[in-house]
Amino acid sequence: MSSLLLRCWRALGNIRITVIVCFLLTANLGLGYFSLRNNLELFVPMSNLGLFRWINTYGVANPRHAAWFFAMIILLGALSINTFVCTTERVFQILARRYPVRELPFHFAPHLMHYAVLIILGGYLCSYLFATSDTGHALRPGQMLRLENGRVTLRFIDFKPEILRSKRVDSFDGYVIRPNAQLTVNDGGHEYPAVLNFNAPLRVAGYGIYLSEFQPRRPGGGMGRSYINLTVRRDPSAVIYRFGMAVFVLGLGLYVFGRKFRK
């Protein structure tokens, strides 16, 4: 029985499987590009619904357009297993050679990066499985949003916009490039100001507050109606892929330093 398990273990870590899976994954992503480009509206809701709900709704209803995505999940799973087995086998070999203790971190460095990639992939999978996203919270100046935990409130004050002044692109001259939405955050009685912009979310009490829309886009526009539209996202698994990124940086640093150390 043990010999059978050992053969299965080594078969899973075979480099030929790595090459085949990488080739299939590349071909699948190439085909997926055209499906994604022509059916973008099918995949956009995934980040808001979560993976399981998306599969049970959009995925099941559009199997022809989503087939490449299902194949990608299977291939990534196979590549992850293959990478884990192959990397672990190399780690065992390093331990068996009994290198001096001071040299071990440098020998482990490339394999540490492999493990880090697996941690990052696992973190993003957990994010799509367990993260929640609540969209469509519109606030006008003076209005308040209370988060789900009831302890945190956000109040929208006004804008301090940065205006584009450029003669190179006349059609965008005078438009807002950064709205700088001014908020007041009350976190359990502790009140402080905050600024919100596109691609610069606010982190508070485990929530991510994202700016999805604002008006007016130009001073004096919008018929006097100023508002912001917020997306509230909670992702408890974010710590996993951030940890993976830290492990990758550590492995990369050890690898670079190790090359100089050996010289």
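Up top you'll find the structure we're talking about.
A short tour of the structure in this document, coming up. (Residues numbered from 1 in each chain as written. Predicted model: local features only at pLDDT ≥ 70, side-chain atom pairs only at ≥ 80, totals over all residues. Heavy atoms only, no water.)

## Some thoughts on the environment of Val85
For step 1, the next point in the chain: Position of Val85 relative to the elements: it lies in helix α6 (residues 63-96).
For step 2, the next point in the chain: For Val85, a relative accessible area of 3% puts it in the buried group.
For step 3, the next point in the chain: Along the primary structure Val85 and Leu164 are separated by 79 residues, whereas in three dimensions their C-alpha atoms are 53 Å apart.
For step 4, the next point in the chain: Setting aside chain neighbours within four positions, we find Val85 in contact with Trp9, Leu12 and Gly13. (Helix = DSSP H or I, 4+ residues; strand = E, 2+ residues; numbered from the N terminus. Buried < 20%, exposed > 50% of the residue type's maximum accessible area, 1.4 Å probe, protein only. Contact = heavy atoms within 4.5 Å.)

## Some points on the packing of aromatic side chains
For step 1, the next point in the chain: Applying the stated criterion across every chain yields a total of 15 aromatic pairs.
For step 2, the next point in the chain: With a centroid separation of 6.5 Å and an interplanar angle of 80°, the aromatic rings of Trp9 and Phe84 are classed as edge-to-face. Taken as a pair, Trp9 in helix α1 (residues 2-12) and Phe84 in helix α6 lie far apart in primary sequence, 75 residues in all.
For step 3, the next point in the chain: Judged by its relative accessible area of 40%, Phe84 falls in the partly exposed class.
For step 4, the next point in the chain: Between Phe106 and Phe257, the ring centres sit 5.7 Å apart and the planes meet at 50°, which makes this aromatic pair tilted. Remark: Phe257 occurs in helix α8 (residues 238-262) and Phe106 occurs in helix α7 (residues 104-130); sequence separation between them is 151 residues.
For step 5, the next point in the chain: A connected cluster of aromatic rings, assembled from ring pairs, spans Phe43, Trp54, Trp68, Phe69 and Phe70.
For step 6, the next point in the chain: Geometry around Phe214 places Arg217 over its ring, the cationic atom sitting 4.5 Å from the centre.
For step 7, the next point in the chain: Positioned above the aromatic ring of Tyr207, the side-chain terminus of Arg234 is 4.9 Å from the ring centre. (Phe/Tyr/Trp six-rings, centres within 6.5 Å; stacked < 30°, edge-to-face > 60°. Lys NZ or Arg CZ within 6 Å of the ring centre and 35° of its normal.)

## Concerning the environment of Arg155
For step 1, the next point in the chain: With respect to the helices and strands, Arg155 occurs in strand β3 (residues 152-159).
For step 2, the next point in the chain: The partly exposed category is assigned to Arg155, whose relative accessible area is 34%.
For step 3, the next point in the chain: When the C-alpha positions of Arg155 and Gln143 are compared, they lie 5.8 Å apart, and in sequence the two are twelve residues distant.
For step 4, the next point in the chain: When residues no more than four places from it in sequence are discounted, the contact partners of Arg155 are Gly142, Gln143, Met144, Gln182, Leu183 and Thr184.
For step 5, the next point in the chain: A distance of 2.8 Å separates the side chain of Arg155 from the backbone oxygen of Gly142, its partner in a polar contact. (Polar contact = N/O pair within 3.5 Å; in protein donor to acceptor, adjacent residues only side chain to side chain.)

## Some points on the sheet that holds strand β8 (residues 202-204)
For step 1, the next point in the chain: If you walk across this open sheet you meet the four strands as β1-β10-β9-β8, and the pairing is antiparallel. The open sheet has two edge strands, β1 (132-139) and β8, and neither has a second partner. Taking the axes of each pair of neighbouring strands and ignoring which way they run, one obtains an average angle of 25° across the sheet. (Pairing = 2+ DSSP bridges. Axes fitted to C-alpha atoms, helices over the stretch in contact; angles between N-to-C directions.)

## With respect to the packing of α6 against α7
For step 1, the next point in the chain: With their axes 10 Å apart at the nearest point, α6 and α7 run at an angle of 160° to one another. Here α6 lies roughly antiparallel to α7, going by the angle between them. By crossing handedness, the relation of α6 to α7 is classed as left-handed. Two secondary-structure elements touch here, α6 through Ser80, Thr83, Phe84, Thr87, Thr88, Arg90, Val91, Ile94 and Leu95 and α7 through Leu104, His107, Phe108, His111, His114, Tyr115, Leu118 and Leu121.
For step 2, the next point in the chain: Among the residues forming the contact of α6 with α7, the class breakdown is nine nonpolar, seven polar and one charged. (Parallel < 35°, antiparallel > 145°, perpendicular 65-115°, else oblique. Left-handed = near helix turned anticlockwise from the far one by under 90°. Nonpolar A, V, L, I, M, F, W, Y, C, P; charged D, E, K, R; others polar.)

## Side note on the nonpolar core
Where a protein is soluble and globular, its nonpolar side chains tend to be buried together.
For step 1, the next point in the chain: By size, the foremost hydrophobic cluster in this structure holds 22 residues, and its most contacted members are Leu147, Leu196, Leu202, Ile209, Ile228 and Leu230.
For step 2, the next point in the chain: Taken together, the elements giving at least two residues each to this core come down to β3, β6 (181-187), β7 (190-196), β8, β9 (207-215) and β10 (227-234).
For step 3, the next point in the chain: Setting aside residues up to four positions removed in sequence, Leu147 forms contacts with Val152, Leu154, Val204, Tyr207, Ile209 and Val232.
For step 4, the next point in the chain: In this structure, Leu51, Trp54, Phe69 and Leu75 belong to the second largest nonpolar core, which totals 13 residues. (Core = buried A, V, L, I, M, F, W, Y, C linked by side-chain atoms within 4.5 Å.)

## Notes on the pattern of salt bridges
For step 1, the next point in the chain: Applying the stated rule across the entire model yields three salt bridges.
For step 2, the next point in the chain: Between Glu162 and Arg178 there is a salt bridge, with the nearest N and O atoms lying 3.4 Å from each other. Of the two residues, Glu162 sits in strand β4 (residues 162-163) while Arg178 sits in strand β5 (residues 176-178), which places them 16 residues apart along the sequence.
For step 3, the next point in the chain: When its relative accessible area of 35% is taken as the criterion, Glu162 is described as partly exposed.
For step 4, the next point in the chain: The exposure class of Arg178 is partly exposed, given its relative accessible area of 36%.
For step 5, the next point in the chain: The closest approach of N and O atoms between Arg217 and Glu213, which form a salt bridge, is 2.8 Å. (Salt bridge = Lys/Arg side-chain N within 4 Å of Asp/Glu carboxyl O.)

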